[in-house]
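Fold and geometry: a report
Listed below, chain by chain, are the residues.
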Amino acid sequence: MDHEDLRHWSKRAADWAAEYHAGLRDRAVRAPLLPGAVSSQLPAAAPEAAEPMEAIWDDFVRIIPGAMTHWQHPRFFAYFPANASPASMLAEQLANAMAAQGMLWQTSPAATEVEQAMIGWLAGALGLPGDFTGTIHDSATTATLSAVLTMREKALDWQGLAQGLSGQPRLRLYASAETHSSVDKAARVAGIGQDNLVKVATDAGLSMKPGALAGAISADRDAGFVPAGVILCAGGTSVGAFDRIADCIAVAHAEGLPVHVDAAWAGSAMICPEFRHLWAGIEAADSIVFNPHKWLGAQFDCAVQFLRDPGPQVRTLGLRPSYLETAGREDIVNFNEWTVPLGRRFRALKLWFTLRAYGLDGLRARIRNHVAWAAEVCDVLRAMPEITIITEPSLSLFTFALTSDAATEALLARINDDGRIYLTQTRHQGRSVIRVQVGQFDCTREDVMAVPEVVAELMQT
Ligand SMILES: *Cc1c(COP(=O)(O)O)cnc(C)c1O
């Protein structure tokens, strides 16, 4: 296959893609398959001889789409969305065509400078102060790890980087039990240890209690630990919990601790001013992560980390061996020094396309619809006698359950085998519950109203 063939097949792929998206409502959202269904159709070894693209294409059409879970399906209400706006897909195709590696400014000036511009556009769109800078990671997990590594080094007065952690004091991190498991992973990978991630008590509204945070920090200091930082949650994954950002940051900063806020899902909603009260006080955070690849429409992968001062993170993650130097240029940003990996994709291009093709107004209209439709669906389900709403809508996420865990789990299995909609589960306060999140880029009110319809029908079977 050469570049002329690529031209031909790209056009075929574009036609296939358009038909795929137009036909999504006719497909089961989750592939109705058992494990091994795909691997059993693949040869055990790579071919020795080149195969014609026609044969590869035919196998793709025959094996792959029917074995996918369709994340762009308008009736995908599981997990959180991974929205790919059409404009974002187009930008990804162009980034793929250039296939650049943007580790340094000079390895792709446009990748660096568009990324800087998009961080500025997004900070403005979310109502953050103009002095936030930031960078784009592959995932919120990596952004949170970067923030935690920086907390570690700040607490160790930058000794861990060279000496390692052996012989260092035992560090502590603080988060509520509503924060995502990526915080636990960061504690593990950073060498702080999961046992040193203190899960601070929450109040009835599932927000971290500022007084409990202050108490945990001071008890740890008395016991000889070294507190390193606080991770707050703005839109938890399980049921959408929000910490009281202003109060908790005030406690952390009074103790001299940096704060990272995980808004991976809910951050996108902050383009709507009416939701910003949920993270009031955010302007004091040291680091914030949000995933435009979830709700905003800049497709996976695209996780934005805002930083009040990039200095400590660059000091933690940045290395500049001679083969990565740019002679005579001190006035540039080399984004690899802000992140864990060296190599980086041109992720900012899809933000540029998405923000321009829909405008903030178009994106706000979608998010406002999702929030309104989630409230509407929640009320329809609430009116069904068998159903209890377990957590009220947090933005566009709520949970419900039947009278027993077994009944709830059996209903969920029936829903997902049916395939018209896709929902997922979590545990909340010891109970098995079904999550409903509304957020797919192309979903309509009618798609959302399929949720109570399917639930009511399958509860009777
Ligand atoms: C999805 C999610 C994450 C993890 O996101 P990745 O980008 O997949 O690492 C972290 N925190 C919250 C609150 C999330 O919803």
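Up top is the structure these notes are about.
Residues numbered from 1 in each chain as written. Predicted model: local features only at pLDDT ≥ 70, side-chain atom pairs only at ≥ 80, totals over all residues. Heavy atoms only, no water.

1. Here we look at the sheet that holds strand β8 (residues 388-394)
Formally: Strands qualify as paired when DSSP identifies two bridges or more between them. Numbered from the N terminus, helices here are DSSP runs of H or I no shorter than four residues, and strands are runs of E no shorter than two. Lines fitted to the C-alpha atoms define the axes, with helices restricted to the stretch that makes contact. Angles between their N-to-C directions range from 0 to 180 degrees. Here, two residues are considered to be in contact whenever any of their heavy atoms come within 4.5 Å of each other.
One open sheet holds the four strands; their spatial order is β8-β9-β11-β10, and the pairing between them is antiparallel. The sheet is open, and its two edges are formed by β8 and β10 (424-428), each paired on a single side. Adjacent strand axes in the sheet meet at a mean angle of 30 degrees, parallel and antiparallel pairs treated alike. As defined by bridge partners, β10 adjoins strand β11 (residues 431-437) across five bridges and the pair is classed as antiparallel. Bridge pairing in β11 places T424 opposite R435. With respect to the sheet, helix α13 (residues 405-418) is in contact with β9 (397-401), β10 and β11, its orientation differing from that of β11 by roughly 35 degrees.

2. Things to note about the sheet that holds strand β6 (residues 287-290)
The strand order across the open sheet formed by seven strands is β1-β7-β6-β5-β4-β2-β3, and the pairing between neighbours is mixed. Bordering the open sheet on either side are β1 (133-137) and β3 (197-200), each of which pairs with just one other strand. Put simply, the sheet's adjacent strands are angled 20 degrees from each other on average, direction ignored. Where strand β2 (residues 171-176) and strand β4 (residues 226-233) come together, four bridges link them in parallel fashion. Residue pairing for β4: L173 is matched across the bridge by G229. Against the sheet, helix α7 (residues 181-189) contacts β2, β3, β4 and β5 (259-262), and its axis sits at roughly 155 degrees relative to β3.

Nothing here speaks to function; it is all geometry.
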